[in-house]
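Residue-level structural notes
The residues making up each chain are set out below.
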Amino acid sequence: MGGDPVCALVPSPLTCHLRPARMVAPLLVALALGLDNRASSSMGGFGSSMLTLSDAAILDRLKHIYATKLRPLERKSMYHELREPALSDAWFDAKPMVLLLGQYSVGKTSFIRYLLGRNFPNQHVGPEPTTDRFVAVMYGDREKVTPGNALTSQPDTPFHSLRHYGTKYLDKLECASVPAPILRRISLVDSPGVQAGEKQKGGRGYDYLEVMKWWAQHSDRVILLFDPNKLDISDEFRDVIEELKAHQSKVRVILNKADEVEPQKLMRVYGALMWSLGSIVASPEVPRVYIGSFWDAPFQNGGMRGLMEAEEADLVQELAALPEDNVMNKINEIARRARLVQVHVH
């Protein structure tokens, strides 16, 4: 893709086109914030100018509602132990997070390098399984690595509740601070490559699926990466995808390294990927699939250069828009939890 992808991340006015499933959220926020009828009726456009309150004021009120109304009910009904962990106060103030998932050597770490336009501390790239830990890549004035135990020790961070997953998991968690422009708007999370076999599933020393549920809950986008040369979905990866059903609106798919495949074969690969996902995802439509080659090397096959560059631009633009949707995404998450808690209690 020509030029620095970060250049596409300059904030710009965005038109908000919401799916019908999200139309419950404006009604919820109108009730929750106690808006008068005139303010409530102005929400019909579902745009960023629909409220007279600032984003910060909305998030503060939403945080108060969750802390005083929903969280006590979750605690009383043991929802946190049986379904999902509690949301921390820091979650309401955090930047949008993008979680990267995939089997080993599909290009997760290279994708982060592509977006940053630079390397980041402790990165490992190779054809063999290289990333054996969760790495939260966040903005910092200088490069720094914060180990998992220190990262989760402060209650005012969104990672505080991860301490419940034990020291073995915290040993596999770290934060890499990087002064990259894109990280002023979003945070990126690299994850260990999902592998096949019962030995891998039991050899991590922590509950991998429960940890993945935590990250999916706290992320604004979950990106599944696939390599066109190895589309087989392992049992563990299938389990992970099935756990994402509760957060299906957040999921996007990348068919990475697409330039390694000739155009005619790429169409067959795309069809095979859609068939595989369709057998797992319980929805009439599979998530949006982006086709591209997300690293800084030249295209190996340029036959579909135009398509791949357009797809890459669309993906970068979607990630750039996440801060504009931050308030609405958090309202949707609270609405989703409220419905699940209601069902859980009854």
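Attention in this report is confined to the structure presented alongside it. If you're wondering where the values come from, they're calculated on a predicted model, not measured in any experiment.

1. Comments concerning the overall build of the protein
Scanning the protein from N- to C-terminus turns up 14 helices and 8 strands. Relative to all contacts within the protein whose residues are 6 or more apart in sequence, the contacts with residues 24 or more apart total 79%. Only carbon and sulfur atoms are counted for the fraction: they give 53% of the accessible area of the protein, which is about 16,500 Å².

2. Topic: helix α6 (residues 108-116)
Summarising burial for α6: 8 of the 9 residues are buried, a large majority. Within the span of α6, buried status applies to K108, T109, S110, F111, I112, Y114, L115 and L116. Buried-residue contacts for α6 involve β1 (97-102), β2 (134-139), β5 (187-190), β6 (221-226), β7 (251-255) and α13 (305-320). Positive phi shows up at G117, right after α6, with a value of about 75°.

3. Some points on the pattern of salt bridges
Under the criterion given, the structure shown has 17 salt bridges. Here K213 and E210 are joined by a salt bridge, their closest N and O atoms 3.5 Å apart. With K213 and E210 both in helix α10 (residues 208-218) and 3 residues apart, the pair spans about one turn of that helix. The exposure class assigned to E210 is partly exposed, which follows from its relative accessible area of 30%. One connected set of salt bridges, linked through shared partners, spans E74, E84, K250, E333, R336 and R337.

4. Section: the packing of α10 against helix α11 (residues 235-243)
Between α10 and α11, the shortest axis-to-axis distance is 10 Å and the interhelical angle comes to 35°. When you trace α10 past α11, the crossing you get is right-handed. Residues Y208, L209, M212 and K213 of α10 lie in contact with α11, whose contacting residues are E236, D239, V240 and E243. Tallied by class, the residues present in the contact of α10 with α11 amount to 4 nonpolar, no polar and 4 charged.

5. Focus on the side chain of H160
Here H160 is to be found in the loop between α7 (148-151) and α8 (167-170). Overall, H160 belongs to the buried group, its relative accessible area being 18%. At 2.8 Å, the side chain of H160 and the backbone oxygen of T152 are in polar contact.

6. Focus: the sheet that holds β6
Across the sheet, which stays open at both edges, the 8 strands sit in the order β3-β4-β2-β5-β1-β6-β7-β8 with mixed pairing between neighbours. The open sheet has two edge strands with one neighbour each: β3 (144-147) and β8 (289-291). Within this sheet the neighbouring strands show an average axis-to-axis angle of 25°, counted without direction. Note: β1 against β5, 3 bridges, orientation parallel. From the neighbouring strand, V98 faces β5, where its bridge partner is L188. Against the sheet, α6 engages β1, β2, β5, β6 and β7, with an angle of about 160° to β5. Across the sheet, α13 is in contact with β1, β6, β7 and β8; its angle to β8 comes to roughly 130°.

7. Quick look at α10
Given 3.6 residues per turn, any residue in an α-helix points the same way as the ones three and four places further on. Counting buried residues along α10, 8 of its 11 residues qualify, which places the element largely inside the surrounding structure. Every buried residue of α10 is accounted for by Y208, V211, M212, W214, W215, A216, Q217 and H218.

8. Looking at the pairing of strand β4 (residues 173-178)
Of all 6 residues that make up β4, 6 are buried, and the element is covered over most of its length. Here β4 shows no split at all, with L173, C175 and S177 on one side and E174, A176 and V178 on the other all buried. Two elements, β2 and β4, share 6 bridges in a ladder whose sense is parallel. What sits directly across from Y139, in β4, is V178. As defined by bridge partners, β3 adjoins β4 across 4 bridges and the pair is classed as antiparallel. Residue P147 lies in a different strand from β4, and its bridge partner there is E174.

9. Thoughts on the packing of aromatic side chains
Scanning the model with the defined rule gives 12 aromatic pairs in all. Relative to Y208, the ring of F134 has its centre 6.4 Å away and its plane inclined at 40°; by these criteria the two rings are tilted. In this pair, F134 is assigned in strand β2 and Y208 in helix α10, connecting sequence segments 74 residues apart. For the pair F134 and Y208, one class covers both residues: buried. Both rings, one in F159 and one in W215, keep their centres 5.8 Å apart while their planes meet at 50°; by these two values the pair is tilted. Remark: W215 occurs in helix α10 and F159 occurs in the loop between α7 and α8; sequence separation between them is 56 residues. Taken individually, F159 and W215 each receive the classification buried, so the pair is uniform in this respect. In this structure an aromatic cluster arises from ring pairing among F134, F159, Y165, Y169, Y206, Y208, W214 and W215. It is K230 that lies over the ring of Y104; its NZ or CZ is 4.4 Å from the centre. The ring of W91 has K330 sitting right over it, with the charged end atom 5.0 Å from the ring centre.

Reading guide: rules and limits
For every chain, the first residue of its written sequence is number 1, and the numbers climb from 1 along that sequence. Totals for whole chains, interfaces and linings use all residues, but because this is a predicted model, local features are given only for residues with pLDDT of at least 70 and pairs of side-chain atoms are given and counted only at 80 or more. Water and hydrogen atoms were dropped before computing side-chain values, which therefore reflect all heavy atoms in the structure. Counting from the N terminus, the helices are the DSSP runs of H or I reaching at least four residues and the strands are the DSSP runs of E reaching at least two. Only heavy atoms matter for contacts: two residues are in contact if any of them lie within 4.5 Å across the pair. For accessible areas, the Shrake-Rupley method is used with a probe of radius 1.4 Å. Any residue's cover is judged against the shown protein chains and nothing else. Exposed residues in this analysis have more than 50% of their type's maximum accessible area, buried residues have under 20%, and partly exposed residues fall in between, with area computed by a 1.4 Å probe over protein chains only. Should a side-chain nitrogen of Lys or Arg be within 4 Å of a carboxyl oxygen of Asp or Glu, the pair is scored as a salt bridge. Every angle, taken between N-to-C directions, lies between 0 and 180 degrees, and every axis is a line fitted to C-alpha atoms, over only the stretch in contact when it is a helix. Left-handed describes a crossing in which the near helix is turned anticlockwise from the far one by less than a right angle; the clockwise case is right-handed. Throughout this entry, Asp, Glu, Lys and Arg are counted as charged residues, while Ala, Val, Leu, Ile, Met, Phe, Trp, Tyr, Cys and Pro are counted as nonpolar. The remaining residues, Gly among them, count as polar. Nitrogen and oxygen atoms within 3.5 Å of one another constitute a polar contact, given that in protein one can donate a hydrogen and the other can accept it, and given that sequence-neighbouring residues count only through two side-chain atoms. Strands were regarded as paired on the criterion that DSSP finds at least two bridges between them. Any two of the Phe, Tyr and Trp rings considered here, Trp counted by its six-membered ring, make a pair once their centres fall within 6.5 Å; the pair's planes then place it as stacked at under 30 degrees, edge-to-face at over 60, or tilted in between. Should the NZ of a Lys or the CZ of an Arg lie within 6 Å of a ring centre and within 35 degrees of the ring normal, that charge is described as sitting over the ring.

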